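# Geometric and topological summary
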Amino acid sequence: MSEPSFEDAQRELERIVERLERGDADLDEAIKLWERGEELYKLCVGRLDAAHGKIEELARRVESAQP
Amino acid sequence: MKVEALQYGDRKVYSVAAFNRGVADWLTRLPSVWVVGEITELRRHARWQSVFFTLKDPSDGACLGVTILRSRFDALRLDLADGDRVHVLGRPDLYEARGDFRLRALSIERWGLGDHLAALERLKRKLADEGLFAPERKRALPRLPRRVGLVTGNDAAAKRDVLTTIRSRFPAARVLVAETYVQGPLAAQAIVDALDELCSAPEVDVIVLARGGGSFEDLLPFSDERLVRAVASCSVPTVSAVGHEQDTPLCDLAADARASTPTAAGRLVVPDVTELQERLDRSRAGLERGARRALDRGRQRIEQLHEQLRRAPALMVERKRARLEHAAGRLRALSPRSTLERGYAIVRGEEGIVRTVSTVTAGDRLDVEVADGRFGARAE
């Protein structure tokens, strides 16, 4: 399975949080949801860090191209 | 009329009078026509039978003598003066006594600004009815033309204004100039030809028609029907910069854009390179800002979600625990203790709770439980 996009991951995370906050999941399921949520969080943060790195790199490149 | 010639050997020779009479006679076969021109050298004397003036072609100075009977001239009440533009209806005529060729006028009509304006107005209405000036026909000018075509006279000012403006705004611009007549009877066709030439030149993406201000007559070619149609049907967008603010020759209405001066035309056809650069820089800065903002928003949202996620399981366990406590409470409420508090007691024998007398024999040891404890007893 290919990795979900940032937006898809964020949406799934939102659904999980909503589900957990509603409190109607059974305990085992809740633990699994939490684990999945943490996984999605890491994935999203990774994506954001990558985007941040790219922005910095582009900004540097623009900076150095300035006459 | 018979013109007599004298015979000298094999040569036929006419007297001056006979020659003049012959030519004059032949001229009478020509029809009456209208001739347009400007009045100069108007000579009228009370003792002369005729009034004389010279009709001059304002475009090239060609001259034609005109005579008209004084009574007829006076009856017209035109109050003419040198420089007036007139239409003269007359017949070619030779003044035999002097061999002077001239136009014998039968009638004169003043052909002034008003008539010009009326004729122009008619043409304007006709072309407007055809939709030549319709706003939906106007094309957008290219933002960055590969080449700019410029139709202009060798009249330095207009040309220089356009070129200077273009060069200062966009130094890399390429301009193809077609010099042509911009006034006089040949101008309209010459400008049409110049337009065609520029249209078919490669890479010309916009054409400027420029001419400095001038008299009403000077600008007339720019209202010529041929030129107006050529501008309207030009295959590349056109900018008309003819005359000054207050003049509106018809080609202004047919062009895709109108500039009040040649300088303004220059500004219309090429962008200002400094301004362009600044706008690009601003866009680029905006690009970076936008990317960073999107990133920040994403990060905030994710952190918020993470916070919620972190709290959710504990919250959920808490909630489950609360529900459990609640159930326990209810469970406790349902236990017999409350019954004991109302004064009942549970009696246990050797075989458990005593529900009937048949299980008890006198002397049995019994255990009695009441609300706050238990004590022993013996059956009697």
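None of these values were measured; they are calculated from a predicted model.

Attention now moves to the pairing of strand 4 (residues 50–56) of chain B. All names here are of chain B. Of all the seven residues making up strand 4, five are buried; the element is thus mostly covered by neighbouring parts of the structure. Bridging between strand 3 (residues 33–43) and strand 4 involves four bridges; their strand directions are antiparallel. Residue Ile39 lies in a different strand from strand 4, and its bridge partner there is Leu55. Counted between consecutive antiparallel strands, the loop separating strand 3 from strand 4 contains six residues. As defined by bridge partners, strand 4 adjoins strand 5 (residues 63–69) across seven bridges and the pair is classed as antiparallel. When the bridges of strand 5 are listed, Leu55 appears paired with Leu64.

This paragraph deals with the pairing of strand 6 (residues 85–95) of chain B. Residues and elements named next belong to chain B. Pairing geometry for strand 3 and strand 6, over six bridges, is antiparallel. Across the sheet, the residue bridging to Trp34 is Leu89, located in strand 6. Both strand 6 and strand 7 (residues 100–110) contribute to a ladder of 10 bridges, which runs antiparallel. Bridge assignment links Arg91 to a residue of strand 7, and that residue is Arg104. Joining the antiparallel neighbours strand 6 and strand 7 is a turn of four residues, in which Gly99 adopts a positive phi near 70 degrees.

Turning our attention to the interface of chain A and chain B. Interfaces are often sized by the accessible area lost when the parts come together. Facing 29 residues of chain A, the contacting portion of chain B comprises 21 residues. Between chain A and chain B, roughly 2300 Å² of surface is buried when both sides are summed, and carbon and sulfur atoms account for 68% of that area. The interface formed by chain A and chain B includes three salt bridges. The salt bridge partner of B:Arg292 is A:Glu56, with a shortest N-O separation of 2.6 Å. The interface formed by chain A and chain B holds eight residue pairs in polar contact (both at pLDDT 80 or more) in total.

Geometry of a packed helix pair, given as the angle between the helix axes and the separation of the axes. Residues and elements named next belong to chain B. One can describe the packing of helix 5 (residues 187–200) onto helix 6 (residues 225–232) by two numbers: an axis separation of 8 Å at closest approach and a directional angle of 15 degrees. On the basis of the axis angle, helix 5 is roughly parallel to helix 6. Helix-helix and strand crossings are classified by hand; for helix 5 and helix 6 the assignment is left-handed. Along its contact with helix 5, which presents Ala188, Gln189, Ile191, Val192 and Leu195, the element helix 6 presents Arg226, Leu227, Ala230 and Val231. Residues belonging to the contact of helix 5 with helix 6 are distributed by class as follows: seven nonpolar, one polar and one charged.

So, about the layout of surface pockets. Residue and element names in this part refer to chain B. Within this model, the largest pocket holds a volume of roughly 660 Å³. Along its surface, the largest pocket is lined by 22 residues, and Arg85, Gly184, Pro185, Glu217 and Leu220 are the ones closest to its centre. Those elements that provide at least two residues to the lining of the largest pocket are strand 3 and helix 3 (113–129). The element contributing the most residues to the lining of the largest pocket is helix 3, with four residues. Within the lining of the largest pocket, the residues separate by chemical class into 10 nonpolar, six polar and six charged.

Procedures and definitions
- Residues numbered from 1 in each chain as written.
- Chains lettered and ligands numbered in written order.
- Predicted model: local features only at pLDDT ≥ 70, side-chain atom pairs only at ≥ 80, totals over all residues.
- Heavy atoms only, no water.
- Buried < 20%, exposed > 50% of the residue type's maximum accessible area, 1.4 Å probe, protein only.
- Helix = DSSP H or I, 4+ residues; strand = E, 2+ residues; numbered from the N terminus.
- Pairing = 2+ DSSP bridges.
- Contact = heavy atoms within 4.5 Å.
- Buried area = accessible area lost by both parts, 1.4 Å probe.
- Salt bridge = Lys/Arg side-chain N within 4 Å of Asp/Glu carboxyl O.
- Polar contact = N/O pair within 3.5 Å; in protein donor to acceptor, adjacent residues only side chain to side chain.
- Axes fitted to C-alpha atoms, helices over the stretch in contact; angles between N-to-C directions.
- Parallel < 35°, antiparallel > 145°, perpendicular 65-115°, else oblique.
- Left-handed = near helix turned anticlockwise from the far one by under 90°.
- Nonpolar A, V, L, I, M, F, W, Y, C, P; charged D, E, K, R; others polar.
- 1 Å grid on protein atoms, 1.4 Å probe; cavity = no way out; pocket = protein on both sides within 12 Å on 5 of 7 lines; lining within 4 Å.
- Points joined across faces, edges and corners; volume = space filled by probe spheres on them.

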